Amino acid sequence: MQAATYHGRKDIRVEEVAEGTVGADEVRIDVDACGICGSDLHEYTAGPIFVPESDPHPISEEAAPIRMGHEYSGTIAEVGDAVTDLAVGDAVAVNPILSCGECRQCREGNYHICDSVGFIGLSGGSGGFAESAVVDAEHAVPLGEDVPVEHGALVEPLSVALHAVRRSGLQAGDAVAVFGSGPIGLAVIQCARVAGAGTIFVSEPRDARRERAADCGATELVDPSTTDPVEYVHSHTDGGADVAFEVAGVEPSFNAAVESTAPGGRTTIVSIWEEEVSTHPNALVLGERTVTGTLAYLGGPRSGEEYGMVIDMLADGRLDPDPFITGRIGLDEIVANGFDRLIDPESDHVKILVKPDME
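Below is a short write-up of the structure.

**Thoughts on helix α3 (residues 155-168)**
Look at α3: 20 Å from first C-alpha to last across 14 residues, which is about the 20 Å you get at 1.5 Å a residue. Counting buried residues in α3 gives twelve out of 14 residues, a clear majority hidden from the surface. Of all the residues in α3, the buried ones are V155, E156, P157, L158, S159, V160, A161, L162, H163, A164, V165 and S168. Buried residues in α3 make contact with β5 (71-79), β6 (91-94), α4 (183-194), β14 (241-246), β15 (261-269) and α9 (303-315). Following α3 by one or two positions, G169 adopts a phi angle in the positive range, close to 75°.

**Points about the sheet that holds β15**
On the basis of which strands lie adjacent, the open sheet formed by six strands has the order β13-β12-β11-β14-β15-β16 and parallel pairing. Bordering the open sheet on either side are β13 (220-222) and β16 (290-293), each of which pairs with just one other strand. Pairs of neighbouring strands in the sheet enclose a mean axial angle of 20°, with direction left out of account. Strand direction decides the pairing type here: strand β11 (residues 176-179) and β14, joined by four bridges, are parallel. Bridging across to β14, F179 finds its partner in E246. Its contacts with the sheet put α3 on β14, β15 and β16, and the angle it makes with β14 is roughly 145°.

**Some remarks on the side chain of R210**
Within the fold, R210 resides in helix α5 (residues 207-215). A distance of 2.9 Å separates a polar atom in the side chain of R210 from the backbone oxygen of E204. Contacts of R210, omitting those with residues within four sequence positions, involve S181, E204, P205, L221, V222 and D223.

**Considerations on the sheet that holds strand β1 (residues 2-8)**
Backbone hydrogen bonds hold the strands of a sheet together, and the pairing may be parallel or antiparallel. With antiparallel pairing, the three strands of this open sheet are ordered in space as β2-β1-β4. Where the open sheet ends on each side, the last strands, each with one partner, are β2 (11-16) and β4 (66-67). For β1 and β2, the ladder comprises six bridges, and the chain directions are antiparallel. When the sheet's bridge partners are listed, Q2 is paired in β2 with E16.

**Quick notes on the packing of aromatic side chains**
Throughout the structure, instances matching the rule amount to six aromatic pairs. Taking 6.3 Å as the distance between ring centres and 75° as the angle between the ring planes, the aromatic pair formed by F129 and F339 counts as edge-to-face. One end of the pair, F129, is in the loop between β8 (118-119) and β9 (132-136); the other, F339, is in helix α10 (residues 334-342), with 210 residues separating them in the sequence. The class for F339 is buried, based on a relative accessible area of 0%. Within the aromatic cluster, the residues linked to one another by ring pairs are Y44, F129 and F339.

Criteria and cut-off values
Residues numbered from 1 in each chain as written. Predicted model: local features only at pLDDT ≥ 70, side-chain atom pairs only at ≥ 80, totals over all residues. Heavy atoms only, no water. Helix = DSSP H or I, 4+ residues; strand = E, 2+ residues; numbered from the N terminus. Expected span 1.5 Å × (residues − 1). Buried < 20%, exposed > 50% of the residue type's maximum accessible area, 1.4 Å probe, protein only. Contact = heavy atoms within 4.5 Å. Pairing = 2+ DSSP bridges. Axes fitted to C-alpha atoms, helices over the stretch in contact; angles between N-to-C directions. Polar contact = N/O pair within 3.5 Å; in protein donor to acceptor, adjacent residues only side chain to side chain. Phe/Tyr/Trp six-rings, centres within 6.5 Å; stacked < 30°, edge-to-face > 60°.

Given below as structure tokens:
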């Protein structure tokens, strides 16, 4: 079958790969859609980062070239003999967390920060930029009857945002500042709104993305190229935001996120970074501010927990995936009309879905 494989920086190829057999505890999924993620773009432009370049990943036991794609959904086409809670025809979203199950974090249920954590489609395994994928059954989370299969490809980024909001300690009525409104920034806005945020400020230089931020629930929009977002947030709140989210992954937004909060405020860092940043610790010390990291979402035997919350909110309309989807392409277009479009600084694209069956 056809699949997109990562060979190195700026080297993604669509080529023939083996379909793979289904083990006793596994399922085969006919892929409906797989989103191109910001992490995929980092691998393409600056990687390898998560992709194991030469030494095999300790869990997948694979190294580049690997099959890419970790934001995907589809329909189960085959189940292993030991699988009893999934059936052929079930629509599922894939939770790609790979964990060892043995380290301290895994023993405590924190599979997503396992000592050897990896992700299907980044660290090996059966990635979703392919016609089909074989995964352990625990990775396949049912979508139910009220969520379109295509929307299942948005469960992964929405779960990143949900986990970040839960990590942030956001309380109903809090003033929130979000720096960056790419796919994860938009997801954070929606999840913050569902969690009861008061005013939601968004700092984003691209006009089209600010408009999408408004569609997702942002109430105050700031163009940081013309307006100082820190001054704006402070002047429109009682001394600053209660909670800030850094979702742009650049030094100015990191510092602005911290400085936008009131004394005692909390900043949650959602971005995956390509470079180090310089900051002054007094911004934290003098105002007793807190910075928290967040990674992914619950995985392993807990794969269905935060995924399940997102699926429920998609089903009842509290979360809306439509503002995210700006393009649909076939697998053979993944580089020219997918990756290259998304890294174009003039592009207005947010989330491009790769549809293997699309002609």
